[in-house]
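Below are the chains, spelled out letter by letter.
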Amino acid sequence: MSDRATSFPVITPTSTATDNRNRVRQPLVFGGIPESEGWALAPITPRDRVHFRVDRELPLDRFRADLPAGVTVTYDQGEGLYRVDGVPGSASVLADWIRAWAARHGSSTVGLRAETDVRRRTPRDLPPEFLADLCRHYGPVSLKRLQRNMSTIRLHLPDPDDLGQQVYEWILKAVSQYDESKSVPFGAFLATQLSKWVHDLGRNAHGRTAADTEHKQQKAIAAFIAEHQRRPSERELAAYMGQSVATLRRNSQTVATLNGLRNLQSLDGGPDATEILLPDSSEAPDEIMGEAEQTLLSHALTAACAPDPAARRDQRAGQPNVLGWATWYLTTWGGQTKTQLSADLNTSVRNMNVYADRVELALKDRLAELVD
């Protein structure tokens, strides 16, 4: 037997948690390009931007062709919003040019706003393989992240194909806004933006302030139930939200009105139509107008506010024009002024006018069809 002492390795126990903390996360690679290097190939840059809507849709191809050199335009169909980008210092000149161009082509701008030093990148400037691989990676990740918001999403995007398309549009939007110099991973930035954009679906469809009111009430009710294991009374909910009971009632009236209108399957009064619930409906009796005229104009109004069946549901044209409908109905037959209605619905008169203008354009066509 050997005199040499037998040596055994000394094993220091380590926990799995410690190993996970010390593990270095490997960088993501898209299209054969490390993510950090990909962003550097198309860095985010400053520009001046003009946002605007119009009372009637612009001929986009002609608009693009007439834009000054180096100026680009994007059109968000869901919001009906145009964004024109130019070099820094060009915002005021672009704003004047846009107003003049729209006037020459029979349109007028709505809510035009010039903004300076907007930092953006153009997704198509990234290598195509990098961008395609990035979208393939973050598409399923985004869908998983959105599971907690699915009840809200289904109100606006019931078709899974539409949801998938919308997710990829959101990823491209995040790509255009992501600033890699802030040392925030793209995945974390995308998750934050997704939460905001899901909420914007309701704000775009039903008016920003009213949708915000509904969202705050739902969050407060859910928090109260989690804390007390029961639904709050009206007085408890008002105290929980830091509001007076009168304010809560007014806001609840707004939410109830929107909920009554939101889920209309047919605004033309078909067999699947849902009854429309209006606040203080006694203020708008049928006697305000003759029965025949009431029927004719009511039909034209609801048809003018109906979703365009050819549009995707996430687009503005694919949603019922709830705010426009309420504005026209309650000011025409309900005896309310826009100022009164603005207070009741907790939204601005300017916002009401934007949606009411859309109704006016469609209403002229509907009335002509009915008369013929």
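Cut-off values and rules
- Residues numbered from 1 in each chain as written.
- Predicted model: local features only at pLDDT ≥ 70, side-chain atom pairs only at ≥ 80, totals over all residues.
- Heavy atoms only, no water.
- Helix = DSSP H or I, 4+ residues; strand = E, 2+ residues; numbered from the N terminus.
- Contact = heavy atoms within 4.5 Å.
- Areas by Shrake-Rupley, 256 points an atom, 1.4 Å probe, with all protein chains shown as cover.
- Buried < 20%, exposed > 50% of the residue type's maximum accessible area, 1.4 Å probe, protein only.
- Pairing = 2+ DSSP bridges.
- Axes fitted to C-alpha atoms, helices over the stretch in contact; angles between N-to-C directions.
- Parallel < 35°, antiparallel > 145°, perpendicular 65-115°, else oblique.
- Left-handed = near helix turned anticlockwise from the far one by under 90°.
- Nonpolar A, V, L, I, M, F, W, Y, C, P; charged D, E, K, R; others polar.
- Phe/Tyr/Trp six-rings, centres within 6.5 Å; stacked < 30°, edge-to-face > 60°.

Visitor: Would you mind showing me how to read the overall build of the protein here?
Guide: Helix and strand counts for the protein stand at 15 helices and six strands. Long-range contacts, defined as pairs at least 24 residues apart, comprise 69% of the intrachain contacts of the protein with a sequence gap of at least 6. With the model as given, the accessible surface of the protein reaches about 21,300 Å², and the carbon-plus-sulfur share is 51%.

Visitor: I would appreciate a short explanation of the side chain of serine 107 in the present structure.
Guide: With respect to the element layout, serine 107 can be found in the loop between helix 4 (91-104) and strand 6 (109-120). For serine 107, a relative accessible area of 8% puts it in the buried group. Setting aside its immediate chain neighbours within four residues, serine 107 contacts Asp55, Arg56, Leu58 and Ala102.

Visitor: Mind showing me how you'd approach the pairing of strand 3 (residues 45-54) here?
Guide: If a strand is regular, its side chains alternate between the two faces of the sheet. Extensive coverage of strand 3 is indicated by the burial of seven of its 10 residues. Note: strand 3 against strand 6, eight bridges, orientation antiparallel. Its bridge partner lying in strand 6, histidine 51 is registered against arginine 113. The pairing of strand 3 with strand 5 (residues 81-86) spans five bridges and is classified as antiparallel. Among the inter-strand pairings, valine 50 is bridged to a residue of strand 5, identified as valine 84.

Visitor: Would you mind going over the packing of helix 13 (residues 322-332) against helix 14 (residues 338-345) with me for this structure?
Guide: Two numbers describe a pair of packed helices, the interaxial angle and the distance between the axes. Put simply, helix 13 and helix 14 touch, their axes get as near as 10 Å, and they point 135 degrees apart. When the axes of helix 13 and helix 14 are compared, the pair comes out oblique. Judged by the twist between their axes, the crossing of helix 13 over helix 14 is right-handed. Touching Leu323, Ala326, Thr327, Leu330 and Thr331 of helix 13 are Lys338, Leu341 and Leu345, all from helix 14. When grouped by side-chain class, the residues that make up the contact of helix 13 with helix 14 number five nonpolar, two polar and one charged.

Visitor: Looking at this structure, I do not really get the packing of aromatic side chains. What am I missing?
Guide: Each aromatic ring pair is specified by the distance between its two centres and by the angle formed by the two planes. Within the structure shown, the criterion is met by 14 aromatic pairs. With a centroid separation of 5.8 Å and 75 degrees between ring planes, the pair formed by phenylalanine 30 and phenylalanine 130 is classed as edge-to-face. Taken together, the positions of phenylalanine 30 in strand 1 (residues 29-30) and phenylalanine 130 in helix 5 (residues 128-145) put the pair 100 residues apart, joining distant regions of the chain. Of the two residues examined, phenylalanine 30 and phenylalanine 130, each falls in the buried class. Considering the side-chain rings of phenylalanine 52 and phenylalanine 63, the 6.3 Å spacing of their centres and the 75 degrees angle between planes classify their relative orientation as edge-to-face. Here phenylalanine 63 lies in helix 3 (residues 60-66) and phenylalanine 52 lies in strand 3, a separation of 11 residues in the sequence. Here phenylalanine 52 matches phenylalanine 63 in class, with each residue buried.

Visitor: I keep staring at the packing of helix 5 against helix 7 (residues 160-177) and nothing clicks. Help me out?
Guide: For the pair helix 5 and helix 7, interaxial distance at closest approach is 9 Å and the crossing angle is 120 degrees. Relative to helix 7, helix 5 is oriented oblique. The handedness of the crossing between helix 5 and helix 7 comes out as right-handed. Residues Leu131, Leu134, Cys135, Tyr138, Gly139, Ser142 and Leu143 of helix 5 pack against Leu163, Val167, Tyr168, Ile171, Leu172 and Val175 of helix 7. The residue inventory of the contact of helix 5 with helix 7, partitioned by class, reads 11 nonpolar, two polar and no charged.

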